[in-house]
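Next come the chains, spelled out residue by residue.
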Amino acid sequence: MSFHPNMAYDARFQKSVRELTDQGEPFVYTPENLAKFQQMIVRYPAEQKRSGVLPALYLVQYQQGYITGESMRYVAGLLEITPADVEDVVTYYTMFFRKPVGKYVLSVCRTLSCAVNGAERLIEEIAHALDIKPGETDKSGMFTLLEVECLGACDRAPVIMVNDAWQEHQRPEGVKKLLDDLRTRGEASLTGCHLVKENK
Amino acid sequence: MEPLLTPHVRQKNAFSLDSYLQHDGYEAMRKALTHTPDQIIDMVKASGLRGRGGAGFPTGMKWQFVDRKSTKPRYIVCNADESEPGTFKDHVLMERNPHLLIEGCAIGCYAIGAKVAYIYIRGEFYHVQQHLEAAIDEARAKGYLGKNIFGSGFDCEVYVHRGAGAYEAGEETALLESLEGKRAQPRNKPPFPALFGLYGCPTAVNNVETLTNVPLIVAKGPEWFAALGPEKNGGPKLYCVSGHVKNPGVFEASMNITLRELIEGEKYAGGVPNGRQLKAVIPGGSSVPILLPDQLDTQASFDAVAKAGSLLGSAAIIVLDDSVCMVWLAKNLLHFYKHESCGKCTPCREGTDWMYKLLTKIEGGHGTMRDIDLLGSVANNVNGKTLCAFGDAAATPALTTLKHFRHEFEAHVREGRCTLQAEWRARQPVGAH
């Protein structure tokens, strides 16, 4: 059904698109991550532990790659809030993954300044090279391609964030090399933000 | 004007405490602690410093509004979310001159009577977080933060809090919600954060660039600061120029400079490359109205840009050449707003999706003339009808392109296709593999 005579709503619009949460294995922090958690949580007032939910979830994601139902329950227990409070946050913020992702997550900025410098072509080339659509992980499980909104590096457009590192001035013709370098040399092949690079 | 906020940023290890101390680092804080908090607020008020995050609200007033009678703790929250498309100035400050920000946070805390400042940085700034936290540790180890700073009895801590990819977290009350560990959704105002902010306590939320100006004001005096720019637009300003320019980047200047100089000047962005013509300029981040080439001589100050019919916003100047289809531009930005809408207010949650679908339809050559009118109608029903300024921001790309480039929309309908297929655009619709 449509409210406008010339515009059909997506069929998907009519039913919930909410994905069921992957419950995963029982979860606890490694001792190192637990120590990091305890160091972090004292930054907030004792009765405001909930403030630590984003850093706590980052620790989960760095530990096991994505966030499961079990890990949300674990974080909720540490912060003395309900699992629903944690899920509320996880489902809102785009940087938390609720299903497994590739070893390298390629987040390509698609907003205006990157787009006018060729980000759309870049996404096409990566999608073609990996034979996937944006949002998917390739068959080898090595790469996930994401289209993301402005990364705040518009002067170095177009930009790809590979996991947490910025790759600036990316060109469609350089995609093959980027992927090959990641396959052979991993994160060591990344250059990172120009301000960090210039200082070396 | 000599750079004041970014003077040594190209030098090696400019971010280190040693380098900062060589250039009179933390002297402003030493001086501030010999004054009363009220004197500091008066200084900032007299300087005319206006918030650099987008709204341009006077910082001194904001600090004065912070409730001093309250028995609750008070907080400075530094907005380092920097998520407005086209903005990348705070990144340079935090990466290359972090101690200036730390000093600004500490002086701010002293002025409003806070003991803790939180710097909320965006999730994509992982490398910035590492540098900023290292700088804070360095400052604390040398006694510039912590207990009894300079033997004055003033205690101050600065912490970094990393967000997780929400544009809406740049809105001050949504930022506070996010810092409290909830979804980044705005609150109803009033009460404003000055009375009911972080954890319900009196809070001042200031942008990174705003706080980095505070040590300059304290060190060199409010009159000197105000005299740097036009009336009511004093101080140094960082401009981010991106898009179709030869030399995109962050440029520091006084607000006496014109948009033309920033875009075309050899010392600045160097003009439009490849022999193309300038078509339009977005002067303050994606949320503000477009300016046309004949308005380039506008002074790049808060008041002059507002008079020209746009806003200086976060001073993110996006330059567009004549290869840009304006319907495509509106579609690109509405994709952003549709994606980033927090979903709290119905007009914005539904309206951004409607606008994006209409623009996709028109851009793809399937639109009708009625769709163009409908787009304007939907935009006007989002504009001004939401809790925060996001609704206005999301309606702007549609309204401003319709105002100046309606003929392009009509051409899409008549021709049944987009006639400006630049080579940098997707060869086929993205996702159609």
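Rules and cut-offs
- Residues numbered from 1 in each chain as written.
- Chains lettered and ligands numbered in written order.
- Predicted model: local features only at pLDDT ≥ 70, side-chain atom pairs only at ≥ 80, totals over all residues.
- Heavy atoms only, no water.
- Pairing = 2+ DSSP bridges.
- Helix = DSSP H or I, 4+ residues; strand = E, 2+ residues; numbered from the N terminus.
- Axes fitted to C-alpha atoms, helices over the stretch in contact; angles between N-to-C directions.
- pLDDT = per-residue confidence, 0-100.
- Buried < 20%, exposed > 50% of the residue type's maximum accessible area, 1.4 Å probe, protein only.
- Contact = heavy atoms within 4.5 Å.
- Domains from an automatic or database assignment.
- Left-handed = near helix turned anticlockwise from the far one by under 90°.
- Nonpolar A, V, L, I, M, F, W, Y, C, P; charged D, E, K, R; others polar.
- Phe/Tyr/Trp six-rings, centres within 6.5 Å; stacked < 30°, edge-to-face > 60°.
- Lys NZ or Arg CZ within 6 Å of the ring centre and 35° of its normal.

S.K.: Quick rundown of the sheet that holds strand β8 (residues 278-282) of chain B? Include the residues and the values.
M.R.: All names here are of chain B. The mixed open sheet is built from 4 strands, whose spatial order is β7-β6-β9-β8. The open sheet has two edge strands, β7 (249-254) and β8, and neither has a second partner. Strand-to-strand twist in this sheet, taken as the mean axis angle between neighbours without regard to direction, amounts to 25 degrees. Across 6 bridges, the pairing between strand β6 (residues 236-243) and β7 is antiparallel. Following the sheet pairing, lysine 237 is matched in β7 by alanine 253.

S.K.: Lay out the confidence of the model for chain B with the relevant residues and their values.
M.R.: Per-residue confidence for chain B gives a mean pLDDT of 95, with 99% of residues at or over 70. The ipTM value of the predicted complex is 0.93, and its pTM value is 0.94.

S.K.: Break down the environment of leucine 93 of chain B for me, citing the residues and quoting the values.
M.R.: Residue and element names in this part refer to chain B. Mapped onto the fold, leucine 93 is located in helix α5 (residues 89-96). Look at leucine 93 and you get buried, because its relative accessible area is 1%. Remark: the alpha-carbon pair of leucine 93 and alanine 394, spanning 301 residues in sequence, is separated by 28 Å. The residues touching leucine 93, leaving out its near neighbours within four places in the chain, are Leu5, Thr6, Pro98, Val208, Glu209, Thr212 and Leu238.

S.K.: Outline the domain arrangement of chain A, supporting the account with residue identities and numerical values.
M.R.: Note on interface size: it is often stated as the accessible area lost on association of the parts. Here the domain parsing of chain A yields domain 1 (31-92) and domain 2 (104-198). In this structure, domain 1 of chain A and domain 2 of chain A have C-alpha centres spaced 29 Å apart.

S.K.: Can you lay out the packing of α5 of chain B against helix α7 (residues 126-141) of chain B for me, pointing to particular residues and giving the numbers?
M.R.: Residues and elements named next belong to chain B. Close contact between α5 and α7 brings their axes to 8 Å; oriented N to C, the two are set at 40 degrees. Handedness of the crossing formed by α5 with α7: left-handed. Each of His91, Met94 and Glu95 in α5 lies in contact with α7, whose residues at this interface are His127, Val128, His131 and Leu132. Here the residues of the contact of α5 with α7 are counted per class, giving 3 nonpolar, 3 polar and 1 charged.

S.K.: Please give an account of the packing of aromatic side chains that cites residues and values.
M.R.: Counting across every chain of the model gives 27 aromatic pairs over all chains. Centroid distance tyrosine 167 of chain B to tyrosine 337 of chain B: 6.1 Å. Interplanar angle 80 degrees. Geometry classified as edge-to-face. Residue tyrosine 167 of chain B is located in the loop between β4 (154-162) and α8 (172-179), and its partner tyrosine 337 of chain B is located in helix α13 (residues 326-340); the two are separated by 170 residues in the primary sequence. With respect to class, tyrosine 167 of chain B is no different from tyrosine 337 of chain B; both count as buried. By way of ring pairs, the aromatic residues Tyr44 of chain A together with Tyr75, Tyr118, Tyr159 and Tyr199 of chain B are connected into one cluster. The ring of phenylalanine 125 of chain B has arginine 122 of chain B sitting right over it, with the charged end atom 5.8 Å from the ring centre.

S.K.: I'd love a proper account of the sheet that holds strand β5 (residues 203-207) of chain B, names of residues and values included.
M.R.: Residues and elements named next belong to chain B. Spatial strand order, β3-β4-β2-β1-β5: 5 strands in an open sheet with mixed pairing. The open sheet terminates on both sides in strands that have one partner only, identified here as β3 (146-149) and β5. Sheet twist, expressed as the mean angle between neighbouring strand axes with direction ignored, is 25 degrees. Pairing geometry for strand β2 (residues 116-121) and β4, over 6 bridges, is parallel. For valine 116, the partnering residue across the bridge sits in β4 and is glutamate 157.

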